[in-house]
Amino acid sequence: MKLSGAQASAFIAKPEGARAGILLYGMDAMRVSLKRQQLIKALVGPKAEEEMRLERINGADLRKEPSRVLDSLKAQGFFPGPRVVFVEGATDGLADVLAIALKEWTKEDATLVATAGSLNARSKLRKAFEGDQRSLAIGIYDDPPGRADIERMAKEANLSQLSQSSMDDLLTLARTLDPGEMAQTIEKLGLYKFGDDTPITGDDIDACMPATADANLDDAVHAAAEGRSADVVPTLKRLAGQGVNPTALCIAATRHFRTLHAAATHPQGPDTALSRARPPVFGPRKDRLVRQAQRLGAARLEKALDDLMNTDLTLRSARKPPEMALVERAFIRISMLRRS
């Protein structure tokens, strides 16, 4: 049988009825892996591996020893409770082997869980599971985690004080992070709020978001955006000493000022624009960017972007200019825009 959409999500969260086998397949290996972990935990509990009620078989190993999957399904465990045999990296080449295992399955046997990459409708592996009335085939697509997924992850992280505003922020964030990063962010949020019963705020979420590669560049960009001319050169010299590339500085600044320009020109105001940015901006960082956008305004931000674009073109030209000096001058000119 084939399962999709809300039915598939509901089944993975709470499997009902005895199933011979469940196939999870999809293009994104991380998404498939997260759903597989959730499914196996729901089938056999969190201690299944410790109690030897979970057996893992690599697809490549199974091709060398095809009888292993059926033997594992029929084996009797040392500990009471349901069992799972997990086949990782299944392909169409294993379709016949797994089809035989499904046909020979009885209710006393372990449940077969298999994962695979992207499979089209003609896939022999999909047909083996879809054609068996006691089995399921579930496609895992590149949809962001929904409200139910976030509520489940929050519950697992012992987050109880999740307001509507916090949920909206997490849903927005889920559309920009990959599922693994989103799961880690919520797990980190649970640790961050451990022993703290106050409601979760945007500041809390911002503190737990994944660090970006441009974090070291922020000081220089903020100094320019906030008009702190005296801080621009020392900060850039420190970054140069750390080996930061001038072109990378120019790119980071351009991205930052584009965000500010979008905030300054949004019809509903900078606060709304930054909440809808990709990635979204939360907490103190959002407040800081709102102040920067309001301080400079759309016209000055356009001048800053024009200056950065010209600097970037010069850096990429065939000439060999003093690159860091060019960036320093551009940042200083931008930092002085408010005074003009």
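Structure's up top.
Residues numbered from 1 in each chain as written. Predicted model: local features only at pLDDT ≥ 70, side-chain atom pairs only at ≥ 80, totals over all residues. Heavy atoms only, no water.

**Focus on the overall build of the chain**
For step 1, the next point in the chain: When helices and strands are tallied, the chain shows 16 helices and six strands.
For step 2, the next point in the chain: The C-alpha radius of gyration computed for the chain amounts to 27 Å, which surpasses the reference 20 Å derived for 340 residues by more than 25%, pointing to a less compact arrangement than a globule.
For step 3, the next point in the chain: When the backbone C-alpha atoms are referred to their principal axes, the chain occupies close to 80 × 50 × 35 Å.
For step 4, the next point in the chain: Across the 340 residues of the chain, 45% fall into the buried class.
For step 5, the next point in the chain: Considering only contacts within the chain whose residues lie at least 6 apart along the sequence, 74% involve residues at least 24 apart.
For step 6, the next point in the chain: Positive and negative side-chain charges of the chain, numbering 49 and 45 respectively, have mean locations separated by a distance of 4 Å. (Helix = DSSP H or I, 4+ residues; strand = E, 2+ residues; numbered from the N terminus. Rg over C-alpha atoms; globule rule 2.2 N^0.38 Å. Buried < 20%, exposed > 50% of the residue type's maximum accessible area, 1.4 Å probe, protein only. Contact = heavy atoms within 4.5 Å. Lys, Arg positive; Asp, Glu negative; His and termini not counted. Charge placed at Lys NZ, Arg CZ, Asp CG, Glu CD.)

**Brief notes about the side chain of R36**
For step 1, the next point in the chain: Looking at where R36 falls in the secondary structure, it is placed in helix α2 (residues 29-44).
For step 2, the next point in the chain: In this structure R36 is buried but unpaired, with E88 as the nearest side chain of opposite charge at 4.9 Å.
For step 3, the next point in the chain: Leave out the neighbours within four places in its chain, and R36 touches L24, R56, F86, V113 and T115. (Salt bridge = Lys/Arg side-chain N within 4 Å of Asp/Glu carboxyl O.)

**Details of the pattern of salt bridges**
Opposite charge on two side chains allows them to pair when their charged atoms are near.
For step 1, the next point in the chain: Tallied over the full model, the rule gives 20 salt bridges.
For step 2, the next point in the chain: Residue D168 pairs with R147 through a salt bridge whose shortest N-O separation is 4.0 Å. Of the two residues, D168 is situated in helix α8 (residues 164-174) and R147 in helix α7 (residues 147-156); the sequence distance between them amounts to 21 residues.
For step 3, the next point in the chain: Salt bridges sharing partners connect three or more residues here, namely E226, R228, D231 and R288.

**What to know about the sheet that holds strand β5 (residues 111-116)**
For step 1, the next point in the chain: Read across the open sheet, the six strands follow the order β1-β6-β2-β5-β4-β3; overall the sheet is parallel. Where the open sheet ends on each side, the last strands, each with one partner, are β1 (2-3) and β3 (54-58).
For step 2, the next point in the chain: Note that β1 and strand β6 (residues 135-139) share two bridges and pair parallel. Bridge pairing links L3 to I138 in β6.
For step 3, the next point in the chain: Contacting β2 (21-25), β3, β4 (84-88) and β5, α2 runs over the sheet at an angle of about 175° to β5. (Pairing = 2+ DSSP bridges. Axes fitted to C-alpha atoms, helices over the stretch in contact; angles between N-to-C directions.)

**Digging into α2**
For step 1, the next point in the chain: Compared with an ideal rise of 1.5 Å per residue, which puts 16 residues at 22 Å, α2 spans 22 Å between its outermost C-alpha atoms and is within 8% of the ideal.
For step 2, the next point in the chain: For α2, the capping residue at the N-terminal end is D28, with a side-chain oxygen 2.9 Å from the backbone nitrogen of M30. (Expected span 1.5 Å × (residues − 1). Polar contact = N/O pair within 3.5 Å; in protein donor to acceptor, adjacent residues only side chain to side chain.)

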